[in-house]
Amino acid sequence: MNSYFGEYESTVNTRPNPNLKWERTNSFNLGLEFSLFERRLQVEAEMYLKTTKDAFMNKVVSSVNGTTAHVVNGGDVTNNGFNVAVTVSPVITKDWRWTISTIFSKTYNKLKTSPAGETYELEDFLTGNALVDGQPVGTFYSYKFLGLSPVDGGPLFDDYADSRHQLEGLDKYDTYTTVLTPSGCREPKMSGSFNTTLRYKQFHLSALFTYSLGAKTRQFGMFGNAADETLASSAYMIRPENNVNNAFLDRWKHPGDEMHTNIPAIIPDGSDAYYKYSEHYSALGDWEGQFIASNYWDMYDYSDIRVVSANYLKLNTLTLSYELPERLIKRLAMSRLEVRLSGYNLFTVCAKELKGQTPQQGGFTTIQLSDRPSYSLGINVSF
Amino acid sequence: MKKISYILCGLLLASCSDFLEEYSQDKSQVTGYEDLDELLIGDGYLTPGYFIDQGTYNYPTPTETNFWFINFMTDELQENVDEYDPDWFGVRSTMFGYHTWQQLVGRDFHGRNAHDDSEMWTLAYERVNTCNMILAAIDQQPAADEEAMRERNRVKGEAAFLRGVYYYFLVNLYGKPYAPSTAQTTPGVPLKLTEYVEDVEFARASVAAVYRQIVNDLDMAETCLQAYPDNKSPYRAGLRAVYFFRSRVALYMQDWETAKAYAQKAIDLNATLLDLATVSPDAFPFSRECPELVFSMGGNMTTAAILLGDYYTTYKLSDELCALYSQDDLRRGRYFTYDDSEDNLPTLRKVDNTFAGMLGRPAEMSDCFVLRNSEAYLNLAEAAACLNDEGTAKTTLTRFLANRMATVDVSATGDDLISFIRDERAREFCLEGQRWFDLRRYTVCERLPWSKTIEHVFSLYGGKWGEWTSTYHYRLEPNDEAYTLDIPEEVRQQQPSIGSNPRPARPVITSEDITDEDYEDDWY
């Protein structure tokens, strides 16, 4: 009830979208299962082909419509992939048994229609949400880092600062595909897991590994929160009362350091060089083109020098268990007694630049603690 | 057994189509014109703003400010430069771009982003689209009898009227003033008349096309609202509101005949004028019950910037405005008064401007869109004078001024009469959202073009106690291009093809600094 008018009021919730059609997906699945050599080799394979037409896409439209969010039938997406699960038991004897199983999967997806020039914002390109013609889905873009300045240790980029008139008047898609460089795909090309189990009499040892190949990720931002959606980080986050990334120990300190380090200097508010890096030309009032970056510190956090491979091999679980023989436990009226020692997230083999950062969630999200190993000892009893 | 299975199959198959029908679990659809009526109140009319009390130790926070920026660009307000910072809710830095006619109105003094300058644009277009949706759906709503048909037409008329009002705001903010000779080719604002979201690049229609749309909408409103000369309250549009607004639009289009005709129609329906001699100096002249008020939309947030009291007045009524009122003008003391502080600041009193009166509920008369009976008289007088019909102009003026001045003396003729009427308009409608649009249309008026220079200042306060440090002066030249706002930055970035309005950068004319000798003596 609106007291100013003295009557009931309602507001618009959803605006008319009469041109929106159903999404249509055709999918085709094919599977195969077989085993050979008296069940020593078992294979399950599956393949799928999925074509979606008129997929829903979120698009930004002119505010003349009264709203800027709009859903359209965007395009054609094809999703193809296959899964293979193989289990092999090379050793089967009375006392020993060794089984290895592995699952492997791969997907291919492609967008067949290219989006309109104003659909994607800068953030979409930096986080891999923008769909670019000719690049796989999930490709993310970065600023081109050239090196550190020999004068004050600030980061230098190939950002068309000297030839910026070439960028004036271009739409967002053209600007960002020109200034930024594709840095790889967020999604892995190959991923899967494998499991091995070894049994000797009453002992069981099993291990589960997971792996991923082909993805790339960003290191966590150094100058503030690199995944902050407003990209408002800047060098003034470096304060005596905050913690900073310990990579700063290797930063540029004197002219000449740029030969052996890529970490920029800390340039505080009071120094002469502060204003060179605290505002990018595309954020100032007289720039005629698209917004490219707010300041040079943000550009460093999102630059190609901070992109590392996200390949990893991780030991998820290692379990050693001992089952007491029946004759021993029959006296205790138990039907089964098992002692188990497990370790989880024991180690991850990944790019050394990550320095403990979880490869699965890179610098696209807020800084998080990587998975910590944990151990447990347990007893399993059945009566 | 077979029969049973056939019957079961038949039952299952028969109900399948219902199963597939779409329905929403948490949203409701429009089922009648009453729903559209509710929509008018929620999303059609401007939401009036007011102040939320934040307790004893915090300044109150404002809600919707709507179109209040147009009051700050005129010669009606002047910044109150004081020893210590009088700005109590940060309005001065928000207003910097508007008050000093900067090239980019969304930036503050240092060039940083102060606020989103597309506020007025998005507000107007959101409401326009609501009106579009109502107009598209209204004719399909069921109307059982005569009464229902009339009500349905009422909703249609109100939606059409509102769409006209919002396009009037848009084209007068973002398009050049209407000059009959050039309006066809001057770019205005994009016209959106469809109710669904369109994924296109909107092109700006010409100023003439937008005005034509406004006139069409008002004609539709006129036919639909025939049965409702006065709607339920002064906050809902009725036939009288349509007549008033149509007369104002005709005045802006320099269509003197139509302006005169509609003003006359409005006076014929109801000609009550508030006799200021009967209003005591302690009361506030305008409220919901005022007999003169025809239509008001929005709250009155401008009054807050010009509060009663000496420590918290960020802006005050300008000296030019106060000088316009002669000594025996009854409006002195009722529309504004001088406060008790040592600086004798002029403060607005048209609506309740006490701290207590503004908290928690919106003011009763708006600061950006008001239609009052006085306007009919002044419109009629101005149209008649521009048609050189001085007799009608003088009689109307005399009748109007009898309620405003102790002694009435209308003796000017010719161009002087028109200037006198224009001044009268400035006196009567100060801070009601009219002055800026009037200043614009006077620059292109074919009968008597006129423009003036306006000077505004912007001060900086700093130091430990918020002491005054410097003041910068800016000037708006006659016929300056800054009379038109530029298309908002965000809109231009999202769609560069929409173009932009030329708007010059505004240089500082002079400045005073705390280190200047004279000022040190004055303050200290």
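As the structure is a prediction and not an experimental result, all values here were calculated from the model.

**Observations concerning the overall build of chain B**
At step 1: Assigned secondary structure in chain B consists of 19 helices and eleven strands.
At step 2: Scaling as 2.2 N^0.38, a compact globule of 524 residues should have a C-alpha radius of gyration of about 24 Å, and chain B matches this with 26 Å.
At step 3: Per-residue burial for chain B yields a buried fraction of 57% across its 524 residues.
At step 4: Put simply, 72% of the contacts in chain B that link residues at least 6 apart link residues at least 24 apart.
At step 5: For chain B, the computed accessible surface area is about 21,600 Å², with 51% contributed by carbon and sulfur atoms.
At step 6: Measuring between centres, the 48 positive side-chain charges of chain B sit 7 Å from its 85 negative side-chain charges.

**A short note on the packing of aromatic side chains**
For any two aromatic rings, the description comes down to two numbers: the centre-to-centre distance and the angle of the planes.
At step 1: Under the definition given, this model contains 47 aromatic pairs over all chains.
At step 2: The interplanar angle of 45° and the centroid separation of 5.7 Å between the aromatic rings of Tyr277(A) and Trp297(A) together place this pair among those described as tilted. Remark: Trp297(A) occurs in helix α4 (residues 296-301) and Tyr277(A) occurs in helix α3 (residues 274-278); sequence separation between them is 20 residues.
At step 3: Tyr277(A) sits in the buried class, given a relative accessible area of 2%.
At step 4: Their ring planes at 80° and their centres at 5.3 Å tell us that Trp121(B) and Tyr174(B) sit as a pair that is edge-to-face. Taken together, the positions of Trp121(B) in helix α6 (residues 119-138) and Tyr174(B) in helix α7 (residues 146-174) put the pair 53 residues apart, joining distant regions of the chain.
At step 5: Classification of Trp121(B) as buried rests on a relative accessible area of 0%.
At step 6: What makes Tyr174(B) buried here is its relative accessible area of 1%.
At step 7: Members of the aromatic cluster, connected to one another through ring pairs, are Phe5(A), Tyr45(B), Phe67(B), Phe161(B), Tyr168(B), Phe169(B), Tyr235(B), Phe245(B), Tyr252(B), Phe295(B), Phe369(B) and Phe437(B).
At step 8: The ring of Tyr335(B) carries the charged tip of Lys350(B) above its face, separated from the ring centre by 4.9 Å.

**So, the nonpolar core**
At step 1: Counting residues in hydrophobic clusters, the biggest one holds 155 residues, and the most contacted among them are Trp121(B), Phe161(B), Ile214(B), Phe245(B), Phe295(B) and Phe369(B).
At step 2: Tallying contributions element by element places α7(B) first for this core, with 15 residues.
At step 3: Split by domain, this core shows at least three residues from each of two domains, domain 1 (33-47 + 120-245) and domain 2 (62-116 + 275-523) of chain B.
At step 4: Once residues lying within four places of it in the same chain are set aside, the contact partners of Trp121(B) are Ser63(A), Val64(A), Leu170(B), Tyr174(B), Val189(B), Pro190(B), Ile487(B), Pro488(B), Val491(B) and Ile498(B).
At step 5: The next biggest cluster of nonpolar side chains, apart from the first, holds 40 residues, and it includes Met57(A), Leu122(A), Phe223(A) and Tyr300(A).

**Focus: the pattern of salt bridges**
Residues and elements named next belong to chain B.
At step 1: The tally for this structure, following the rule as stated, stands at 42 salt bridges over all chains.
At step 2: One salt bridge connects arginine 154 with glutamate 158, and the closest N-O pair in it is separated by 2.8 Å. A residue pair is termed a helical-turn pair when its members lie 3 or 4 positions apart in one helix, as arginine 154 and glutamate 158 do in helix α7 at four residues.
At step 3: The class of arginine 154 is buried, set by a relative accessible area of 0%.
At step 4: Two residues, arginine 492 and aspartate 486, come together in a salt bridge whose shortest N-O distance is 3.6 Å.
At step 5: Assessed through its relative accessible area of 13%, aspartate 486 is described here as buried.
At step 6: What emerges from the salt-bridge pattern is a single network uniting Glu292, Asp329, Arg331, Lys350, Arg372, Arg404, Glu424, Arg427, Glu428 and Glu432.

**With respect to the interface of chain A and chain B**
At step 1: Facing 33 residues of chain A, the contacting portion of chain B comprises 41 residues.
At step 2: Between chain A and chain B, the buried area comes to about 3,200 Å², and carbon and sulfur atoms account for 56% of it.
At step 3: Of all residues in chain A, Tyr4(A), Phe5(A) and Val64(A) give up the largest surface area on contact with chain B, accounting jointly for 25% of the area buried on that side.
At step 4: Counting every contact that joins chain A to chain B gives one salt bridge.
At step 5: Among the salt bridges present, the one from Glu7(A) reaches Arg236(B), with a minimum N-O distance of 2.9 Å.
At step 6: In this structure, the connection of chain A to chain B is made through eight residue pairs in polar contact (both at pLDDT 80 or more).
At step 7: Elements that contribute at least two residues to the side of chain A that touches chain B include exactly β2 (41-60) and β3 (69-92) of chain A.
At step 8: Of the residues belonging to the side of chain A that touches chain B, the class tally is 13 nonpolar, 14 polar and six charged.

Conventions adopted
- Residues numbered from 1 in each chain as written.
- Chains lettered and ligands numbered in written order.
- Predicted model: local features only at pLDDT ≥ 70, side-chain atom pairs only at ≥ 80, totals over all residues.
- Heavy atoms only, no water.
- Helix = DSSP H or I, 4+ residues; strand = E, 2+ residues; numbered from the N terminus.
- Rg over C-alpha atoms; globule rule 2.2 N^0.38 Å.
- Buried < 20%, exposed > 50% of the residue type's maximum accessible area, 1.4 Å probe, protein only.
- Contact = heavy atoms within 4.5 Å.
- Areas by Shrake-Rupley, 256 points an atom, 1.4 Å probe, with all protein chains shown as cover.
- Lys, Arg positive; Asp, Glu negative; His and termini not counted.
- Charge placed at Lys NZ, Arg CZ, Asp CG, Glu CD.
- Phe/Tyr/Trp six-rings, centres within 6.5 Å; stacked < 30°, edge-to-face > 60°.
- Lys NZ or Arg CZ within 6 Å of the ring centre and 35° of its normal.
- Core = buried A, V, L, I, M, F, W, Y, C linked by side-chain atoms within 4.5 Å.
- Domains from an automatic or database assignment.
- Salt bridge = Lys/Arg side-chain N within 4 Å of Asp/Glu carboxyl O.
- Buried area = accessible area lost by both parts, 1.4 Å probe.
- Polar contact = N/O pair within 3.5 Å; in protein donor to acceptor, adjacent residues only side chain to side chain.
- Nonpolar A, V, L, I, M, F, W, Y, C, P; charged D, E, K, R; others polar.

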